[in-house]
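Results of the structural survey
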Amino acid sequence: MSSAVTETEESARSSPLTPLKLVGLVCVFLALCLDIGAVMSPAWVTADDQYYLSLWESCWKPASTDNWQCSSTLDSEWQVATLALLLGGGALVLMSFLVALVAVCIGTRRRFYAPVAFMLFATVVLQACSLVLYPIKFIKSINLKIYHEFNWGYGLAWGGTIFSFGGGILYCLNPKNYEEYY
């Protein structure tokens, strides 16, 4: 009696979860958390307790008052483009995390490695473009005559991009070449 399951299907189903893939899953989860924090952050640019800029609003405090005045940043094309690229990358990170998590749970991991890696590298391209676009357009379009700095929201976005890149690399590694180490 012949088995209905081929040898390649059996090896894909019973492939061990390597520590590299588990660390890759953790990297994707951290990238997702950092991306959420970056998008929700109120501080992308700050200037001496007189000005701050996030992806959603721009606020400034006139020197004569203690009240902050805020306006939406969604009327500027470059800020909408930055937000769209970051949200697109965040959606790809979320999808890659879900696919990687499902692959771990159902036990057929090997066929999901390439799509997860592809989505993570696409995320890196989208988010790197937005993170390079943001300071260039900010400096060109907003004239602040006081000291300003790119704050923790911008840093979280870079952290998410770096963890996405690391996860993509870990999902590209072929576990057959490293099986003797595990």
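To be clear, the structure that these remarks concern was listed above.
Residues numbered from 1 in each chain as written. Predicted model: local features only at pLDDT ≥ 70, side-chain atom pairs only at ≥ 80, totals over all residues. Heavy atoms only, no water.

**Description of the overall build of the protein**
The condition that has to hold: Note on conventions: DSSP H or I runs of at least 4 residues are helices, E runs of at least 2 residues are strands, and numbering of each starts at the N terminus. Partly exposed describes any residue whose relative accessible area lies between the buried limit of under 20% and the exposed limit of over 50%, with all areas from a 1.4 Å probe on protein chains only and scaled to the type maximum. Only heavy atoms enter the contact rule, under which two residues are in contact if any of them lie within 4.5 Å. Only the protein chains shown count as cover for residues, and all accessible areas are computed by the Shrake-Rupley method using a 1.4 Å probe.
On a plain count of helices and strands, the protein comes out with five helices and five strands. Taken from the N to the C terminus, the helices and strands of the protein come in the order α-α-β-β-β-β-α-α-β-α. When each of the 182 residues of the protein is scored for burial, the buried share is 37%. For the protein, the proportion of contacts with a sequence separation of at least 24, taken over those separated by at least 6, is 68%. By element, 68% of the accessible surface of the protein is carried by carbon and sulfur atoms, the whole surface being about 10100 Å².

**Quick word on the nonpolar core**
Heads up, the rule is: Nonpolar core, defined: a set of buried Ala, Val, Leu, Ile, Met, Phe, Trp, Tyr and Cys residues in which side-chain atoms within 4.5 Å join the residues together.
Counting 16 residues, the largest nonpolar core has Trp44, Leu53, Leu55, Tyr134, Phe138 and Ala157 as its most contacted members. Looking at this core, the elements with two or more residues in it are α2 (19-40), β1 (45-47), β2 (51-53), α3 (77-106), α4 (113-141) and α5 (152-172). In contact with Leu53, not counting residues within four places along its chain, are Pro42, Ala43, Trp44, Val45, Ser58, Thr73, Gln79, Tyr134, Phe138 and Ile142. Counting 12 residues, the second largest nonpolar core, distinct from the first, contains Val28, Tyr113, Leu120 and Tyr171.

**Considering the packing of α4 against α5**
Two quantities define a packed helix pair, namely the angle between the axes and the distance from one axis to the other. Put simply, the test is: Angles here are taken between N-to-C directions and fall from 0 to 180 degrees, while the axes themselves are lines fitted to C-alpha atoms, restricted in helices to the stretch in contact. Oblique is the label for every angle not falling under 35 degrees (roughly parallel), over 145 degrees (roughly antiparallel), or within 65 to 115 degrees (roughly perpendicular). Each helix crossing is assigned a hand: it is left-handed if the near helix lies turned anticlockwise from the far helix by less than a right angle, otherwise right-handed if that turn is clockwise. Any residue outside Ala, Val, Leu, Ile, Met, Phe, Trp, Tyr, Cys, Pro, Asp, Glu, Lys and Arg is labelled polar, Gly included; the first ten of those are nonpolar and the last four are charged.
Where α4 meets α5, the axes come as close as 8 Å, and the angle between the chain directions of the two elements is 155°. In terms of orientation, α4 lies roughly antiparallel with respect to α5. In terms of crossing hand, the pair formed by α4 and α5 is left-handed. Counted together, Tyr113, Val116, Ala117, Leu120, Phe121, Thr123, Val124, Gln127, Ala128, Leu131, Tyr134 and Pro135 of α4 and Tyr154, Ala157, Trp158, Gly160, Thr161, Ser164, Phe165, Gly167, Gly168, Ile169, Tyr171 and Cys172 of α5 form the full contact between these two elements. Grouping the amino acids of the contact of α4 with α5 by side-chain chemistry returns 17 nonpolar, seven polar and no charged.

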